[in-house]
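Coordinate analysis (summary)
This is what each chain is made of:
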Amino acid sequence: MSENNGKISFSVILYFNENHYLEPKHFSKLLDSVINQGIAINEIVILNQNADNIPIFDFKSCRYGIINCGETNPAEALNQAIRNATGNYIVYIDNRDADIELKRSYLETVEIAIEKYPELGMLYADYDLIENDKRKEIRLLKHHHGRLRDTQDYGRVFTFSKKALANCGYFDESVKYKFMYDIRLKLSQKNDIVHISNRHAGCLYSVVAQGKEHNVFDYLLAGKEIQLEAERVLTEHLKRIDAYLKPGYNYHKRPDISKSYQYKASVVIPVNNRPEFIESALNSVFNQTVKDIEIIVVVNGGIQDPTVKEVNKYLPGGSRFDDSKPPVQLVVSDINNIGLSINMGIKQAAGEYYIQLDSDDRLKPDAVEKVIAMFDSDPSIGIVIGSYEVWEKKDSGEFVRMEEIPVVTHDEWTDDNGRNNLLHINGAGAPRCIPISIIKEMGYFGINDEPYARNYGEDYDMVLKISEKYKVGRIYEPIYEVVRHSGGTDHSIDQETIDRNDEAKDYMRLLAVQRRIQLGMKQ
């Protein structure tokens, strides 16, 4: 290592905010944990956000400096601190809204990692989260090139190679919100992003903060300015790695299928053990303005699943059979695999288009009509994705619209850049409607054959693949109703499930990046 005659040295950057540190002892705990490391540091740089005079703290002869940054963009203040730092490695502690304390052996751990990974650009680590005096070990996911979500948790304490930061131009000072997302993507191109994980009692630092319950709609609630900035950061990254798809590039016309279809659309409903929901789902299809459709219910809980009995009522001879309504087919499987169930329904389908309907959700009456009109508007459209309202089913059985959640339109999508931006958001909208010939062309939906996939993400992977060859049609009026309830898959999700789901989609992103690099080379 050429810097500092090959010696590893550290400068530490952290924040002081007098509104946060009303009790100076909390800031003193952070300082003590930095100063009393097993390895001496070069200096501490304090980014002073709002104090006229920082209280007197005991720095124990450690060199320190203060940068009054006020409302300055954090990227600007960080660059000033980094450029003036004497250490060749920068420990950045993001304590803007949390109390943080390093373990005494933090730097000794980092020093070994630096020697082990000569191309280290950024190091992050698992941490202890202390909420209401209870300690919880937070385990983060290992970095790879598919980790393109801007919401991915990388913790609060980072060690950067100053040389690597300089080589990528330091922090982009035009990025106000997602500066850590931006720098992580830049460093990942040529440097190692190293993660120190924990099994038990192996976290490198602790964070005292109020926890927040997981909400699958969080990524939809970010402000428009933040969304646009994240999109810009990702787009520039994709351009740098040659995975960016230019507007209109590689679009094809839908296959000209000479086969005459029996129906215009096939609504496929995979279901497992939800007899109380199937009636409302079926009624939403019966009430469609387009009648040239069929319904295929795939019960994947086996013949003993009580949903089978409910569906039988709508078959010929059943108490609710009505030959004036779209016909219902029943397919029974004893394997609870959503992608497999959809594929089994598609194999039975006699419609031109597949229409998604989850068993606990509902279609608006004009859903199929609007989907077909969108396909008819452009022969290069290979998938149509709608917008949806969020409803809740009360224990009483009543369905109530959740007014606090606006119509989910995914209006961050643009025709020019939507398929690129898709790589950093966790959903594309609903319902998803696809020509059945294109589903077969893409190799069907995933059947939990991708790493980490457990009845999750099979449709996300399909959207990614189709968007690389066909145009995505968007309907911004609500044509679907997502119903939340106590037994739903988006209700009270534990962290292990969240991480597994993120692993699944990030692996799909990784494969998409690899495909797009091959496509990008031909642009």
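Residues numbered from 1 in each chain as written. Predicted model: local features only at pLDDT ≥ 70, side-chain atom pairs only at ≥ 80, totals over all residues. Heavy atoms only, no water.

Concerning the overall build of the protein
- For the protein, the helix and strand inventory stands at 14 helices and 20 strands.
- The 523 residues of the protein split such that 56% are buried.
- For the protein, long-range pairs separated by at least 24 residues make up 80% of all intrachain contacts whose partners lie at least 6 apart in sequence.
- Just so you have it, the protein exposes about 23300 Å², and 47% of that area is on carbon and sulfur atoms.
- Between the centroid of the 64 positive side chains of the protein and the centroid of its 79 negative side chains there is a distance of 3 Å. (Helix = DSSP H or I, 4+ residues; strand = E, 2+ residues; numbered from the N terminus. Buried < 20%, exposed > 50% of the residue type's maximum accessible area, 1.4 Å probe, protein only. Contact = heavy atoms within 4.5 Å. Areas by Shrake-Rupley, 256 points an atom, 1.4 Å probe, with all protein chains shown as cover. Lys, Arg positive; Asp, Glu negative; His and termini not counted. Charge placed at Lys NZ, Arg CZ, Asp CG, Glu CD.)

A closer look at the pairing of strand S6 (residues 120-125)
- In terms of burial, S6 is largely enclosed, as six of its six residues are buried.
- Note: S6 against strand S10 (residues 192-196), five bridges, orientation parallel. Its bridge partner being in S10, Leu-123 is matched across the sheet by Val-194.
- Note: S6 against strand S9 (residues 157-161), two bridges, orientation antiparallel. The residue of S9 that forms the bridge with Leu-123 is Thr-159. (Pairing = 2+ DSSP bridges.)

Concerning the sheet that holds S6
- Here we have seven strands laid out as an open sheet, ordered S3-S2-S1-S4-S9-S6-S10, and mixed in their pairing. Each edge of the open sheet carries a strand with a single partner, namely strand S3 (64-68) and S10. Strand-to-strand twist of the sheet, defined as the mean angle between neighbouring strand axes without regard to direction, takes the value 20°.
- The sheet strands contacting helix H2 (residues 74-84) are strand S1 (10-16), strand S2 (43-48), S3 and strand S4 (89-93), and the helix crosses S1 at an angle near 145°.
- Seen against the sheet, helix H5 (residues 179-190) touches S4, S6, S9 and S10 and runs at an angle of roughly 40° to S9. (Axes fitted to C-alpha atoms, helices over the stretch in contact; angles between N-to-C directions.)

Observations concerning the nonpolar core
- In this structure, Phe-10, Leu-14, Ile-44, Leu-47, Ile-93 and Phe-160 are the most contacted members of the largest nonpolar core, which totals 114 residues.
- Here Leu-14 is in contact with Phe-27, Leu-30, Leu-31, Val-34, Ile-44, Val-45, Ile-46, Leu-47, Ile-93 and Asn-95, once residues within four sequence places are set aside.
- Judged by nonpolar contacts, the second largest core, of 41 residues, contains Ile-269, Val-290, Val-371 and Tyr-388. (Core = buried A, V, L, I, M, F, W, Y, C linked by side-chain atoms within 4.5 Å.)

What about the pairing of S2?
- Here S2 lies mainly inside the structure; six of its six residues are buried.
- Along S2, one buried face is formed by Glu-43, Val-45 and Leu-47 and the opposite face, lined by Ile-44, Ile-46 and Asn-48, is buried too.
- Relative to S2, S1 is paired through six bridges, and the arrangement is parallel. When the sheet's bridge partners are listed, Ser-11 is paired in S2 with Glu-43.
- Read from S1 through helix H1 (residues 24-35) to S2, the crossover connection turns out right-handed.
- As paired strands, S2 and S3 are joined by five bridges and run parallel to one another. By the bridge assignment for S3, Asn-48 is matched with Asn-68. (Right-handed = clockwise from strand over helix to strand, strands pointing away.)

Focus: empty space enclosed by the protein
- Applying the stated criterion across every chain yields a total of one cavity of 30 Å³ or more.
- One number sums up the size of the largest cavity: a volume of about 40 Å³.
- Taken together, Tyr-251, Trp-413, Asp-415, Arg-419, Ser-467, Tyr-470, Lys-471 and Val-472 make up the lining of the largest cavity. (1 Å grid on protein atoms, 1.4 Å probe; cavity = no way out; pocket = protein on both sides within 12 Å on 5 of 7 lines; lining within 4 Å. Points joined across faces, edges and corners; volume = space filled by probe spheres on them.)

A short note on the sheet that holds strand S11 (residues 205-208)
- Taken in spatial order, the four strands line up as S5-S11-S7-S8 in an open sheet, and their pairing is mixed. The open sheet is flanked by strand S5 (99-102) and strand S8 (134-138), the only strands paired with a single partner. On average, each strand axis in the sheet is tilted by 25° relative to the strand beside it, whichever way the strands run.
- Pairing between strand S7 (residues 127-131) and S11: three bridges, direction parallel.

Let's talk about the pattern of salt bridges
- Inspection of every chain in the model, using the stated rule, returns 35 salt bridges.
- For the salt bridge of Glu-503 with Arg-147, the shortest nitrogen-to-oxygen distance reads 2.7 Å. Linking Glu-503 in helix H14 (residues 495-520) with Arg-147 in the loop between S8 and S9, this pair joins segments that are 356 residues apart in sequence. Of the two residues, Glu-503 and Arg-147, neither departs from the other in class, the shared state being buried.
- Among the ionic pairs, Glu-389 bridges to Lys-364, the shortest N-O distance being 2.8 Å. Remark: Lys-364 occurs in the loop between strand S16 (362-363) and helix H10 (367-377) and Glu-389 occurs in strand S17 (residues 381-393); sequence separation between them is 25 residues.
- Exposure remark for Glu-389: the relative accessible area of 12% places this residue in the buried category.
- Here the salt bridges do not stand alone but share partners, grouping Arg-147, Arg-149, Asp-502, Glu-503, Asp-506 and Arg-509 into one network. (Salt bridge = Lys/Arg side-chain N within 4 Å of Asp/Glu carboxyl O.)

Remarks on the packing of aromatic side chains
- Counted under the stated rule, the structure contains 17 aromatic pairs.
- Ring geometry for Tyr-15 versus Tyr-92: centroids 6.0 Å apart, planes at 65°, classification edge-to-face. On the criterion of sequence distance, the pair formed by Tyr-15 in strand S1 and Tyr-92 in strand S4 is long-range, its members being 77 residues apart. Pair check on accessibility: Tyr-15 and Tyr-92 agree, each one buried. (Phe/Tyr/Trp six-rings, centres within 6.5 Å; stacked < 30°, edge-to-face > 60°.)

Side note on the packing of H5 against helix H6 (residues 224-240)
- Put simply, H5 and H6 touch, their axes get as near as 10 Å, and they point 10° apart. By the angle between their directions, the pair H5 and H6 is classed as roughly parallel. Facing H5, whose interface residues are Tyr-181, Asp-182, Leu-185, Lys-186, Ser-188 and Gln-189, H6 presents Ala-230, Val-233, Leu-234, His-237 and Arg-240.
- When its residues are assigned to classes, the contact of H5 with H6 shows five nonpolar, three polar and three charged. (Parallel < 35°, antiparallel > 145°, perpendicular 65-115°, else oblique. Nonpolar A, V, L, I, M, F, W, Y, C, P; charged D, E, K, R; others polar.)

Any functional reading would require information beyond the geometric quantities listed.
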